[in-house]
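# Notes for the structure review
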Amino acid sequence: MKYNILSRGDDNSNMLANKIKSSLQEFDLIFDESEPEIVISVGGDGTLLEAFHKYTHRLQETSFVGVHTGHLGFYADWKPDEVEKLVIHIAKTPFKIVEYPLLEVMIRHHDDQTERYLALNECSVKSMEGSLVMDIEIKGELFETFRGDGLCLSTPSGSTAYNKALGGAILHPSLLSFQLAEMASINNRVYRTVGSPLVLPQHHTCMLKPKSDVDFQVTVDHLNLVQKQVKSIQCRVAEEKIRFSRFRPFPFWKRVKESFVAE
Ligand code: NAP
Ligand code: MN
């Protein structure tokens, strides 16, 4: 089996990554950066997000597993003192694949050029100047005109990240869906939005259409993209999924409990 290891880059993560690498080599596994079947991320969620974005072109062939070194590591199942166990698992045992939904983001410009992104956590949109003013269409029909700080469209597994800070619900990743959450909407006699986060099912599109020609700050996970001349931003549940290698059960609600309530 071919593998790659990505480290957060601090001394501790680098040391662990090297340890995993030399142990896997002893088991005759092949280090391959371009076509790995398994990618081991050593660090936190930020490291796993980077690993995901490095291999979005081969999600069918690559699965991910995370080791966390200090930070939250919501996506990372393994603790540093368990890496020997993990190495043996990777080398010796067939693992289960768990798939989580992703968000497809299509940014269309005035010249009709489009860019497509996949988000593991979310896409957020903010205005570079003044309030964000956007028509929000759901399934091609105008739903509301949003005015406020911004909007966040998150995947189920990303619902515990930025979305959670915005008062969104935590969604189980078995729900093929995405969530739209507001950032400080303006609500008064003149301006009105629904105010609650919305959960949309597979095949429902959410299209954001700017009301004026200003620049936008769009994030896709940890990536920051400044977007000019934006005609629309369309989101929906992606056809692709992320695949995690599971060597032992770690139910989502247990993950949520350990991350946010108590270990
Ligand atoms: P970061 O500033 O280190 O991330 C913020 C925190 O979110 C970190 O503690 C990170 O865990 C955690 N996190 C990431 N994905 C998560 C998930 N799916 N569930 C629960 N917690 C999660 O930056 P980063 O590591 O590059 O991560 C980028 C993410 O930061 C974005 O995708 C966005 O969700 C999040 N963010 C949150 C806010 C907010 O809550 N107000 C604002 C902006 C961005 P680690 O420490 O393990 O990396
Ligand atoms: Mn981080």
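Residues numbered from 1 in each chain as written. Chains lettered and ligands numbered in written order. Predicted model: local features only at pLDDT ≥ 70, side-chain atom pairs only at ≥ 80, totals over all residues. Heavy atoms only, no water.

The next point concerns helix H1 (residues 11-26). In this model, H1 (16 residues) spans 23 Å end to end at C-alpha, consistent with the 22 Å of a helix rising 1.5 Å per residue. In this structure, the buried side of H1 is in contact with strand S1 (2-7), strand S3 (38-43), strand S4 (63-68) and helix H3 (83-92). Positive phi appears at aspartate 28, one or two residues downstream of H1, with a value of about 65 degrees. (Helix = DSSP H or I, 4+ residues; strand = E, 2+ residues; numbered from the N terminus. Expected span 1.5 Å × (residues − 1). Contact = heavy atoms within 4.5 Å.)

The next thing to look at is empty space enclosed by the protein. Per the counting criterion, the structure on display carries one cavity of 30 Å³ or more. Space inside the largest cavity adds up to approximately 30 Å³. Elements that contribute at least two residues to the lining of the largest cavity include exactly strand S9 (141-154) and strand S10 (177-185). The residue makeup of the lining of the largest cavity, split by class, is five nonpolar, one polar and two charged. (1 Å grid on protein atoms, 1.4 Å probe; cavity = no way out; pocket = protein on both sides within 12 Å on 5 of 7 lines; lining within 4 Å. Points joined across faces, edges and corners; volume = space filled by probe spheres on them. Nonpolar A, V, L, I, M, F, W, Y, C, P; charged D, E, K, R; others polar.)

This part takes up the pairing of S9. Relative to S9, strand S7 (residues 122-127) runs antiparallel, the two sharing five bridges. Bridged to serine 124 within S9 is cysteine 152. Linkage of strand S8 (residues 132-138) to S9, two consecutive antiparallel strands, is achieved through a turn of two residues, within which lysine 139 is found at a positive phi near 50 degrees. Pairing of S9 with S10 involves six bridges; the strand directions are antiparallel. Paired with leucine 151 across the two strands is glutamate 182, which belongs to S10. (Pairing = 2+ DSSP bridges.)

Before going further, it helps to examine the nonpolar core. Within the largest apolar cluster, 29 residues are counted, with the highest numbers of intra-cluster contacts made by Leu208 and Ile233. Apart from the residues within four sequence positions on either side, leucine 208 is in contact with Val125, Met134, Asp135, Ile136, Leu151, Leu153, Lys231, Ser232 and Ile233. Of all hydrophobic cores here, the second largest spans 21 residues; its members include Phe74, Tyr75, Ala238 and Val256. (Core = buried A, V, L, I, M, F, W, Y, C linked by side-chain atoms within 4.5 Å. Buried < 20%, exposed > 50% of the residue type's maximum accessible area, 1.4 Å probe, protein only.)

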